[in-house]
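Each chain, letter by letter, is given below.
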Amino acid sequence: MEYHINESEYRFMEILWEEEPIISTDLVQVCKEKLNWKKSTTYTVIRKLSEKKIVSNEQTVVRTLVSRDSIQRQESNNFLTKKFGGSLPSFINAYLQDKKLTKEEAQRLQKLIEDATEE
């Protein structure tokens, strides 16, 4: 399933992944403190994400229905497709233009590539 969330919804989800399950009135307070949101904004985002089947709000308890990994994977794929035509090497080349990797980072990337390579 594909999920479409905007930047403010993603910031909300980051809070919810850390705090869940949480009573909606407590969530309103956390969003006020961390995002400077009004009560109505928080309830609007809860409603929109509930309609998208990304969160549930049952008996005032708000929970995520989609994992952080699922959203991040989809967001990464969307970014790669939109900005780099789906080419991971093009993204890595652009990212590393002005950067140097530590030996540990390079080894970790090599392992990720090896694990993801089809034989």
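Refer to the structure above for everything that follows.
Values in this document were obtained by computation on a predicted structure and should not be read as measured data.

Cut-offs used in this document
Residues numbered from 1 in each chain as written. Predicted model: local features only at pLDDT ≥ 70, side-chain atom pairs only at ≥ 80, totals over all residues. Heavy atoms only, no water. Core = buried A, V, L, I, M, F, W, Y, C linked by side-chain atoms within 4.5 Å. Buried < 20%, exposed > 50% of the residue type's maximum accessible area, 1.4 Å probe, protein only. Helix = DSSP H or I, 4+ residues; strand = E, 2+ residues; numbered from the N terminus. Contact = heavy atoms within 4.5 Å. Salt bridge = Lys/Arg side-chain N within 4 Å of Asp/Glu carboxyl O. Expected span 1.5 Å × (residues − 1). Arc of directions from axis to C-beta. Axes fitted to C-alpha atoms, helices over the stretch in contact; angles between N-to-C directions. Parallel < 35°, antiparallel > 145°, perpendicular 65-115°, else oblique. Left-handed = near helix turned anticlockwise from the far one by under 90°. Nonpolar A, V, L, I, M, F, W, Y, C, P; charged D, E, K, R; others polar. Pairing = 2+ DSSP bridges.

## A few points about the nonpolar core
Nonpolar side chains in soluble globular proteins tend to end up buried together.
Logical step 1: By size, the foremost hydrophobic cluster in this structure holds 22 residues, and its most contacted members are F12, L27, L49 and I54.
Logical step 2: Those elements that provide at least two residues to this core are α1 (7-19), α2 (24-35) and α3 (39-51).
Logical step 3: If one sorts the elements of this core by residue count, α1 sits on top with 6 residues.
Logical step 4: Each residue touching L27, except ones within four places of it in the same chain, is listed here: F12, I15, L16, I22, T42, I46 and V62.

## Notes on the pattern of salt bridges
Logical step 1: Under the definition given, this model contains 5 salt bridges.
Logical step 2: With a closest N to O distance of 3.1 Å, E9 and K52 form a salt bridge. Taken together, the residues E9 in helix α1 and K52 in the loop between α3 and β2 (55-58) connect sequence positions 43 residues apart.
Logical step 3: For E9, a relative accessible area of 4% puts it in the buried group.

## Overview of α3
Logical step 1: If you check α3, its first and last C-alpha atoms are 19 Å apart, about what 13 residues at 1.5 Å a residue would give, namely 18 Å.
Logical step 2: Burial in α3 covers these residues: T42, V45, I46 and L49. End-on, the buried residues of α3 take up no more than an arc of 100 degrees, which puts them together on one face.
Logical step 3: Summarising the contacts, the buried residues of α3 are in contact with α1, α2, β2 and β3 (61-64).
Logical step 4: Among the residues trailing α3, K53 stands out with phi positive, at a value near 60 degrees.

## Topic: the environment of Y3
Logical step 1: Summarising the element assignment, Y3 is placed in the segment before α1.
Logical step 2: Between the C-alpha atoms of Y3 and Q59, which are 56 residues apart in sequence, the distance is 24 Å.

## What about the packing of α1 against α2?
Logical step 1: Two elements in contact, α1 and α2, have axes whose closest approach is 11 Å; the angle formed by their N-to-C orientations is 125 degrees. Taken together, α1 and α2 sit at an angle that is classed as oblique. Of the two elements, α1 crosses α2, and the hand of that crossing is right-handed. Two secondary-structure elements touch here, α1 through R11, F12, I15, L16 and E19 and α2 through L27, V30, C31, K34 and L35.
Logical step 2: Considered class by class, the residues forming the contact of α1 with α2 number 7 nonpolar, no polar and 3 charged.

## Brief notes about the sheet that holds β3
Logical step 1: Reading across from one edge, β1-β3-β2 is the order of the 3 strands in this open sheet, with antiparallel pairing throughout. Because the sheet does not close on itself, it has two edges, and the strands there are β1 (22-23) and β2.
Logical step 2: Relative to β3, β2 runs antiparallel, the two sharing 4 bridges. By the bridge assignment, S56 is partnered in β3 with R63.

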